[in-house]
Amino acid sequence: MDFQEEILALSRKSKNFGEKLLTEEATKNTLVLPFIKMLGYDPFDPTEVVPEYTAAIGEYKDARVDYAVIKDNSPIIIFECKAYGTELDAKKCNQLMLYFHGTDAKVAILTDGNRYLFYSDLEEPNKMDSKPYMEFILEKPDSALIPELKKLVKGTFNIEDAMTSASVLKYTREFKRVMNEQLNQPD
């Protein structure tokens, strides 16, 4: 099965089971771990994907992010998961920001299993941006974003390429938002 087919299969799974996923743990097992596996990382290999990864910073010594994808003994991608359908609001984003500061990861993902919000530190080094550079909705996969997701796949993941793409996506997304706003309500 190629990457796009795997996304479509996971999309169908989300549509079929989403509303039955009432807890964070059910969401992680049914959608998030398969998403991580789809990216080529083995969620059952603790040298590759670490659950409850310690992201200690300052007074928050016991802060733990749900999953950290590890390369060369260092996190490259972190996942903070919520139950399916949970609003991914500023409070949850702030929680992820804390974890981001406590790790060396350059990509942080906040998800409810269906919506995946991708963050990085494009505006200020080592400080997670307040807005995502990409939003991928599993139940409505945008085929234009599939090549961007592929840049995070094990074996092809290159931090420089991923950050260049993140920057382009972030500013293109903002440009589209401003243009749409102006078309609907010019100032």
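First, a word on scope: everything that follows refers to the structure included in this document.

Cut-offs used in this document
- Residues numbered from 1 in each chain as written.
- Predicted model: local features only at pLDDT ≥ 70, side-chain atom pairs only at ≥ 80, totals over all residues.
- Heavy atoms only, no water.
- Pairing = 2+ DSSP bridges.
- Helix = DSSP H or I, 4+ residues; strand = E, 2+ residues; numbered from the N terminus.
- Axes fitted to C-alpha atoms, helices over the stretch in contact; angles between N-to-C directions.
- Contact = heavy atoms within 4.5 Å.
- Buried < 20%, exposed > 50% of the residue type's maximum accessible area, 1.4 Å probe, protein only.
- Core = buried A, V, L, I, M, F, W, Y, C linked by side-chain atoms within 4.5 Å.

What to know about the sheet that holds strand β5 (residues 115–119)
Part 1: Pairing within the open sheet is mixed, and its six strands lie in the order β1-β2-β3-β4-β5-β6. On the outer flanks of this sheet lie β1 (49–54) and β6 (134–137), each paired with one strand and no other. The mean inter-strand angle of the sheet, taken between neighbouring strand axes irrespective of direction, is 30 degrees.
Part 2: When strand β3 (residues 74–81) meets strand β4 (residues 107–111), the two strands line up parallel, connected through five bridges. By the bridge assignment, F79 is partnered in β4 with I109.
Part 3: Relative to the sheet, helix α3 (residues 90–101) contacts β2 (64–71), β3, β4 and β5, its axis offset from that of β4 by approximately 150 degrees.

Re the environment of N94
Part 1: Relative to the elements of secondary structure, N94 occurs in helix α3.
Part 2: With a relative accessible area of 47%, N94 lands in the partly exposed category.
Part 3: N94 sits 36 residues away from S130 along the chain, and the two C-alpha atoms are 8.3 Å apart.

Things to note about the nonpolar core
Part 1: Grouped together as the largest cluster of nonpolar side chains are 37 residues, with contacts concentrated most on F35, Y41, I77, F79, Y116, F118 and F136.
Part 2: At six residues, the largest contribution of residues to this core is made by helix α2 (residues 24–38).
Part 3: Leave out the neighbours within four places in its chain, and Y41 touches I36, E48, V49, V69, I76, I77, L152, V153, K154 and F157.

Some thoughts on the side chain of S74
Part 1: Looking at where S74 falls in the secondary structure, it is placed in strand β3.
Part 2: Assessed through its relative accessible area of 18%, S74 is described here as buried.

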